[in-house]
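Next come the chains, spelled out residue by residue.
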Amino acid sequence: MGKKNLTRRQFMTAVTAGAGTVLLGNVIYALPTEKRAKMADPFQTVTLGKTGIKTTLLGMGTGFSGYNRSSNITRAGVAESLIRSAYEKGIRYFDCADSYGTHPFTKAALKGIPRENYTLGTKMWVTQGGIPDQDKADAPVVIDRFRKELNTDYLDLVQLHCMTAGTWTDDQKRFIDGLENLKAKNIIRAHGVSVHTFEALEKAAESQWVDVIHVRINPYGESMDKKDASLIVPVIEKLHRSGKGIIGMKLIGNGKFRNDPEKIDASLKFVLGLGTVDMIIVGFELPEQIDNYIERVRNTRLA
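Values in this document were obtained by computation on a predicted structure and should not be read as measured data.

For the rest of this paragraph, the subject is the overall build of the protein. Along the backbone of the protein there are eleven helices and 14 strands. Within the protein, the fraction of its 303 residues that count as buried is 54%. Here the contacts in the protein between residues at least 6 apart in sequence split such that 73% fall between residues at least 24 apart. Total accessible area computed for the protein in this model is approximately 13500 Å², and 47% of it derives from carbon and sulfur atoms.

Time to look at helix H5 (residues 139-150). Since the α-helix turns once every 3.6 residues, residues separated by three or four places project in the same direction. Compared with an ideal rise of 1.5 Å per residue, which puts twelve residues at 16 Å, H5 spans 16 Å between its outermost C-alpha atoms and is within 8% of the ideal. Packing partners of the buried residues in H5 comprise helix H4 (103-109), strand E8 (119-124), strand E9 (155-163), helix H7 (173-184) and strand E10 (188-195). A positive phi of about 55° marks Asn-151, the residue just after H5.

Regarding helix H8 (residues 198-206), the residues found buried are Phe-198, Ala-200, Leu-201, Ala-204 and Ala-205. Looking straight down H8, one finds that the buried residues subtend no more than 160° of arc, so they occupy a single side. On its buried face, H8 is in contact with E9, helix H6 (168-171), E10, strand E11 (212-216) and helix H9 (229-241).

Relative to the helices and strands, Asn-218 resides in the loop between E11 and H9. Residue class for Asn-218 comes out buried when judged on its relative accessible area of 0%. At a separation of 2.8 Å, a polar atom in the side chain of Asn-218 contacts the main-chain carbonyl oxygen of Glu-222. Setting aside its immediate chain neighbours within four residues, Asn-218 contacts Met-224, Ala-229, Lys-250, Leu-251, Gly-253, Phe-257, Ser-267, Phe-270 and Val-271.

With that out of the way, let us pick up the packing of H5 against H7. Where H5 meets H7, the axes come as close as 9 Å, and the angle between the chain directions of the two elements is 55°. As far as their axial angle goes, H7 and H5 are oblique. Of the residues in H7, those in contact with Ala-139, Pro-140 and Ile-143 of H5 are Phe-175, Gly-178, Leu-179 and Leu-182. Its residues assigned to classes, the contact of H5 with H7 shows six nonpolar, one polar and no charged.

A word on the nonpolar core. Judged by nonpolar contacts, the single largest core of 84 residues is most densely connected at Phe-94, Met-124, Ile-143, Leu-160, Trp-168, Leu-179 and Ile-213. In terms of residues, this core owes the most to one element, H9, which gives six residues. Not counting residues up to four positions away in its chain, the partners in contact with Ile-143 are Met-124, Leu-155, Val-158, Leu-179, Leu-182, Ile-187 and Ile-188.

Following the criterion strictly, the structure yields 20 salt bridges and no others. The partner of Asp-135 in a salt bridge is Arg-69, with the nearest N and O atoms 2.8 Å apart. Here Arg-69 lies in the loop between strand E6 (58-61) and helix H2 (72-75) and Asp-135 lies in the loop between E8 and H5, a separation of 66 residues in the sequence. Taking relative accessible area as the criterion, Asp-135 reaches 23% and is therefore assigned partly exposed. Among the ionic contacts, a cluster of salt bridges with common partners joins Arg-69, Asp-98, Asp-135, Arg-145 and Glu-149.

With that out of the way, let us pick up the sheet that holds strand E7 (residues 93-95). Around the barrel, eight strands lie side by side as E6-E7-E8-E9-E10-E11-E12-E13; this closed barrel has parallel pairing. Each neighbouring strand pair of the sheet contributes to a mean axis angle of 25°, computed without reference to strand direction. Where E10 and E11 come together, three bridges link them in parallel fashion. Note on E11: the bridge partner recorded for Val-193 is Ile-213.

Parameters and conventions
Residues numbered from 1 in each chain as written. Predicted model: local features only at pLDDT ≥ 70, side-chain atom pairs only at ≥ 80, totals over all residues. Heavy atoms only, no water. Helix = DSSP H or I, 4+ residues; strand = E, 2+ residues; numbered from the N terminus. Buried < 20%, exposed > 50% of the residue type's maximum accessible area, 1.4 Å probe, protein only. Contact = heavy atoms within 4.5 Å. Areas by Shrake-Rupley, 256 points an atom, 1.4 Å probe, with all protein chains shown as cover. Expected span 1.5 Å × (residues − 1). Arc of directions from axis to C-beta. Polar contact = N/O pair within 3.5 Å; in protein donor to acceptor, adjacent residues only side chain to side chain. Axes fitted to C-alpha atoms, helices over the stretch in contact; angles between N-to-C directions. Parallel < 35°, antiparallel > 145°, perpendicular 65-115°, else oblique. Nonpolar A, V, L, I, M, F, W, Y, C, P; charged D, E, K, R; others polar. Core = buried A, V, L, I, M, F, W, Y, C linked by side-chain atoms within 4.5 Å. Salt bridge = Lys/Arg side-chain N within 4 Å of Asp/Glu carboxyl O. Pairing = 2+ DSSP bridges.

Nothing here speaks to function; it is all geometry.
Structure below.
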């Protein structure tokens, strides 16, 4: 089958067709029957790109509707118990950020658990808003505070949070260099970025500095860097080919699909079926949601 331009209708057909087809580049391929029945495992061990960081396929995001050091789970008073519950159910990746205000709750939730048993990712807010301006210090100062807030000698991953400018690699060089030095000292294991525009995403794909990136991805274009997912997929493929670790976020459209089981399942099938996203994070708000998504991932058939 030769290459051809993929229309949005063809793209969505491939997304919803189930495990019998797979999208590679701009081409939809039919798969042999024997390759259609692989099921996803939420607790399988994955490695984030070339970092050597190993964790679970399904991780917990602690910052749904998070800003100015609070999130839905901190406002509801359930952050500590929910994080602990996620760990007890088998999740080993916890996605934090300075702007979520979840560091102290994560520390309390994981108290007494050997540090090597879980993976901590967090993010620095370095642009306007987000956290008080006086706390936007150089990376060594900020990361030292993070380590105290999380009661850990090291952080697995630290990212620049919510980059939007296509020039972010130049604009934030002060922090980029600071994190690079901290990695050389083994204070952090990897560094990277979360992006919130297509321009910032493309710049991350070009950057050798990025070890791990959060990408916004679902098949419906909801809360993503482009409304058409077929434009995002090739950039994710480029990131993957270069050895960067890829964490998928906004699979549930920033909560827009929470009451739409068909869209949730289609999104999980699509993102997990890409073969280029190392792991996914979901912002749980209730203990029963953790069980629900564990089961949904287990029921996801992969091409």
